[in-house]
Amino acid sequence: MNASPALNHTQDFIIAVMAQDRPGIVAAVTQAVFELGGNVTELSQTVMRGYFTLILCACLPAKLSPIEIQARIETAEPEMALSVCVSPYNPHPLFVPEEAAGVYFLTVQGQDRPGLIAQITSHLASRAINIEDLYTKTEEEKITMIFQIHPQSPRSAECLTLDLEALACELGIDLHLLHQDILRATSEVGAIRRLVRRTQGRN
Amino acid sequence: MRTEDILATLRMFRDENCDVRTVTLGISLLDCAGPNLDASCRKAQEKIRSLASRLVSEGRRLFHHYGIPIVNFRLAVTPVAWWAAGHGAPGLVRVAKALDQIAKEIGIDFIGGFSALVEKGETCADRELIAALPEALSQTERVCGSVNVASSRAGINVDAILAVSFALKDLAARTADRDGFGCAKLVVFANVPDDNPFMAGALHGAGEPECALNVGVSGPGVVKRAIERLRAAEKRLSLGDIAEEIKCTAYRVTRIGELIGTQLAERLGVPFGIVDLSLAPTPALGDSVGEILQMLGIEQIGAAGSTAALALLTDAVKKGGAFASSSVGGLSGAFIPVSEDAVLAEAAACGSLSLEKLEAMTSVCSVGLDMVAIPGDTSAETIASLIADECAIGVINHKTTACRLIPVPGKRPGDRAVFGGLFGEAPVLAVRSGGERFVRFGGRIPAPIHALRN
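Owing to the predicted nature of the structure, the values given are computational and were not obtained by experimental measurement. Residue positions are given per chain, counting from 1 as you read along its sequence in written order. Each chain takes a letter, starting from A, and each ligand takes a number, starting from 1, following the order in which they are written. Note on the predicted model: pLDDT of at least 70 is required for a residue's local features to be given, and 80 or more for side-chain atom pairs to be given and counted; whole-chain, interface and lining totals, by contrast, use all residues. Side-chain measures were taken over the full set of non-hydrogen atoms in the model, leaving aside hydrogen atoms and water.

**Thoughts on the side chain of Ser156 of chain A**
All names here are of chain A. Secondary structure is summarised from DSSP: a helix means a run of H or I of at least four residues, a strand means a run of E of at least two, and numbering begins at the N terminus for each. Here Ser156 lies in helix H4 (residues 154–171). To sort residues, take the accessible area from a 1.4 Å probe on protein chains only and compare it with the maximum for the residue type: under 20% means buried, over 50% means exposed, and anything in between is partly exposed. We classify Ser156 as buried; its relative accessible area is 8%. Within the structure, the side chain of Ser156 is placed 3.2 Å from the backbone nitrogen of Gln152, a separation counted as a polar contact. Excluding residues within four positions of it along the chain, Ser156 makes contact with Arg127, Ala128, Ile129 and Pro151. Any pair of nitrogen or oxygen atoms within 3.5 Å is treated as a polar contact; in protein, a donor-acceptor pairing is required on top of that, and neighbouring residues in sequence qualify only through side-chain atoms on both sides. Throughout, a residue-residue contact means that at least one pair of heavy atoms, one from each residue, lies within 4.5 Å.

Written out as structure tokens, the structure reads:
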């Protein structure tokens, strides 16, 4: 992550914030970062059942410690009761998939029960498949999960494909794997060659 | 990516029979012409082997990669009458056998292009090819033939229609033990497309490159379910709303064809040609154009309203598909092959769908009287009259029309013809005779006035 030209001796930090949702949380957090002399470079937030969570990357003066940043954000608006976690950004990823390993969407549909997510994700972990995004929704004890996954290698994707039927039987649920290209083709506007090339380039 | 989009795409494959119906590699065999027939056949086989030997294996790899089924792998070659002239009908039968042999060797189920284009007149080679059709198609397993007998620019070659009709009768007799199945491999066209990937009418026509991969998608089940869901979700629906839904669904289905086509062409190192948007039914439940019409409110297929409903469907499919693909071609509309569509076959069996209504419906969809079983004792002239009617629809409306008529030996109206597999089964439909004198005049029906467009 590059430092802003205005900032000398800076470092990137990853900051996670959780709180009960209300207007003004993003404003409070980003204002605190700004007052610390920082700049937010990436941010993603979501709200679930009235709880807000956010993860952002900010470029801040290197002299600041994670504890100082945490304290400043948590005390920015005490009534918001922000729960903050700060880590220095490590530019060396722990998971580096092979270039040819595509991105897939694993859909799970069936009867919800305790431990189901743990069983599926353990299986994915044992196949060196990283979960990049996960959506779950439960309606009347029926659960739908959509995992955006990135296998370590084409081989681990092949293994998952071969395992899928047995795993679905074992867990008593419907499991299906869709390659990202298919979803991009059916859901996005643009020339297929360009969409697929972009996908492959990103992989 | 939206969750709804992901689940909708999943449904297409899991519940709605969405697949790629065919990938068809078109290959020019013009450079295989020569005075030595054996050498020509050998050269044609070598060229096909060099370009197409990896078609099936790469297609299967792509299936494993994407999980999208590719149902059929096929070849379309330059019309045989163009490159195998001068060897007589027996020589052309040898060509058919050579094509059959190489198709079997590389594992494809049909090879199209045992064809002649005679809309304005026949060359010697064209006449020989038409004469060779009965023997060539009855003695080969995978070779498909077609004859283009009419075009909007040239008019309708009634002499050729008569010749093909006699060939059809002969072919039916030679395959009588299979209810005249040989005729299911022969299409008579008006305005034949040069890049149609669907059998039996595929050929690699004039103006095509050395080699091109064309794709035919399928999705009657997807379209039917989309309308079904829309009807369940919306209490007040207009036909415009339904047309919009079909358009959006056709877009998604066509994109699958475009994805598979571009990727497979790249793997094979050949140019990607076109996507044919046609909704191609199969005899399987949930994969029927007839079911779509029922979902549109035509409870009895063939009832008044059927043609309008089919027109809405075909137009919406074209509009959605055209935007989805870089290049649309082939037939691109909706197929109504009676024996291959269980609901249409049932409508024909119960008398709701007559031959005349089918003919009317073909004026607004992509093919014509397709896989229609007729009585075995129908005269060649009556068959020619039927074909001429269908050609007239194509010629006047500047569209492709085609006939795949099967005069089933020994069977009468109401009997059942069984072809098996994707070809399905259908009742034998009555044909009204009485117009034979017209075609017996012979000659060519001149091109319509609007052929003069320059």
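Having seen the model, we can carry on.
**A few points about helix H11 (residues 306–324) of chain B**
To estimate how far a helix should reach, multiply one less than its number of residues by 1.5 Å. Given a rise of 1.5 Å per residue, 19 residues ought to cover 27 Å, and the 27 Å separating the end C-alpha atoms of H11 of chain B matches this to within 8%. All of the buried residues along H11 of chain B are Ser306, Thr307, Ala309, Leu310, Leu312, Leu313, Thr314, Ala316, Val317, Gly320, Gly321 and Ala324 of chain B.

**Here's the deal with the domain arrangement of chain A**
Where each domain begins and ends is defined by an automated method or by a domain database. What the domain assignment lists for chain A is domain 1 (10–88) and domain 2 (104–202). Spacing between the C-alpha centres of domain 1 of chain A and domain 2 of chain A amounts to 31 Å.

**Regarding the packing of aromatic side chains**
Residue and element names in this part refer to chain B. The aromatic pairing rule takes the rings of Phe, Tyr and Trp, using the six-membered ring of Trp, and pairs them if the centres are within 6.5 Å, calling planes under 30 degrees apart stacked, those over 60 edge-to-face and the rest tilted. Applying the stated criterion to the full structure yields 4 aromatic pairs over all chains. By way of ring pairs, the aromatic residues Phe110, Phe181 and Phe423 are connected into one cluster. Only lysine NZ and arginine CZ atoms are considered, and such an atom sits over a ring when it is within 6 Å of the ring centre and within 35 degrees of the ring normal. Over the ring of Phe441 we find Arg437; its NZ or CZ atom is 4.2 Å from the centre of that ring.

**Focus: the interface of chain A and chain B**
Across the boundary between the two partners, chain A contributes 25 residues, which contact 22 residues of chain B. Buried surface area refers to the total accessible area, computed with a probe of radius 1.4 Å, that the two partners give up upon joining, counted for both partners together. Contact between chain A and chain B buries roughly 2,200 Å² in total, counting both sides, with carbon and sulfur atoms accounting for 66%. On inspection of chain A and its partner chain B, the count reaches 8 residue pairs in polar contact (both at pLDDT 80 or more). Among the elements of the structure, strand E5 (104–111), strand E7 (142–151), strand E8 (174–179), helix H5 (180–187) and helix H6 (192–202) of chain A are those that each provide at least two residues to the side of chain A that touches chain B. Of all the elements, H5 of chain A adds the most residues to the side of chain A that touches chain B, at 7 residues. Partitioned by chemical class, the residues of the side of chain A that touches chain B number 12 nonpolar, 9 polar and 4 charged. Only Asp, Glu, Lys and Arg are considered charged, only Ala, Val, Leu, Ile, Met, Phe, Trp, Tyr, Cys and Pro nonpolar, and every remaining residue, Gly among them, polar.

**So, the nonpolar core**
Grouped together as the largest cluster of nonpolar side chains are 168 residues, with contacts concentrated most on Val23, Ile48, Leu55, Leu75, Phe114, Val149 and Leu313 of chain B. Ranked by the residues each element gives to this core, the list is headed by helix H9 (residues 239–268) of chain B, at 11 residues. Setting aside residues up to four positions removed in sequence, Leu55 of chain B forms contacts with Val23, Leu25, Phe73, Arg74, Leu75, Ile108, Leu213, Leu264 and Leu268 of chain B. The next biggest cluster of nonpolar side chains, apart from the first, holds 22 residues, and it includes Ala19, Ala58, Ile73 and Val84 of chain A. We define the nonpolar core as a collection of buried residues of types Ala, Val, Leu, Ile, Met, Phe, Trp, Tyr and Cys that are connected through side-chain atoms lying within 4.5 Å of one another.

**Examining the sheet that holds E5 of chain A**
Residues and elements named next belong to chain A. Strands pair, by our definition, only if DSSP identifies at least two bridges between them. A sheet is described by the order of its strands in space; here 4 strands give the open sequence E6-E7-E5-E8, paired in antiparallel fashion. Each having just a single partner strand, strand E6 (129–139) and E8 make up the two edges of the open sheet. Across the sheet, the axes of successive neighbouring strands diverge by a mean angle of 15 degrees, strand direction being ignored. Taken together, the 6 bridges between E5 and E8 define a ladder with antiparallel strand orientation. Opposite Tyr104, over in E8, you have His179 as the bridge partner. Taken strand by strand, helix H3 (residues 116–126) contacts E5, E6 and E7, and its axis lies near 15 degrees from that of E7. Whenever a helix is involved, its axis is fitted only over the stretch in contact; in every case the axis is a line through C-alpha atoms, and angles between N-to-C directions fall within 0 to 180 degrees.

**Brief notes about the pattern of salt bridges**
It is possible for side chains bearing opposite charge to pair when their charged atoms get close. Residues and elements named next belong to chain B. A carboxyl oxygen of Asp or Glu within 4 Å of a side-chain nitrogen of Lys or Arg is what we treat as a salt bridge. Tallied over the full model, the rule gives 33 salt bridges over all chains. Close ionic contact of Asp38 with Arg94 constitutes a salt bridge, the shortest N to O distance being 2.5 Å. Note that Asp38 is positioned in helix H2 (residues 37–52) and Arg94 in helix H5 (residues 88–106), a separation of 56 residues in sequence. Judged by its relative accessible area of 43%, Asp38 is partly exposed. Note that Asp315 and Lys319 form a salt bridge whose closest N and O atoms lie 2.6 Å from each other. Separated by 4 residues within a single helix, Asp315 and Lys319 lie in helix H11, roughly one turn from each other.

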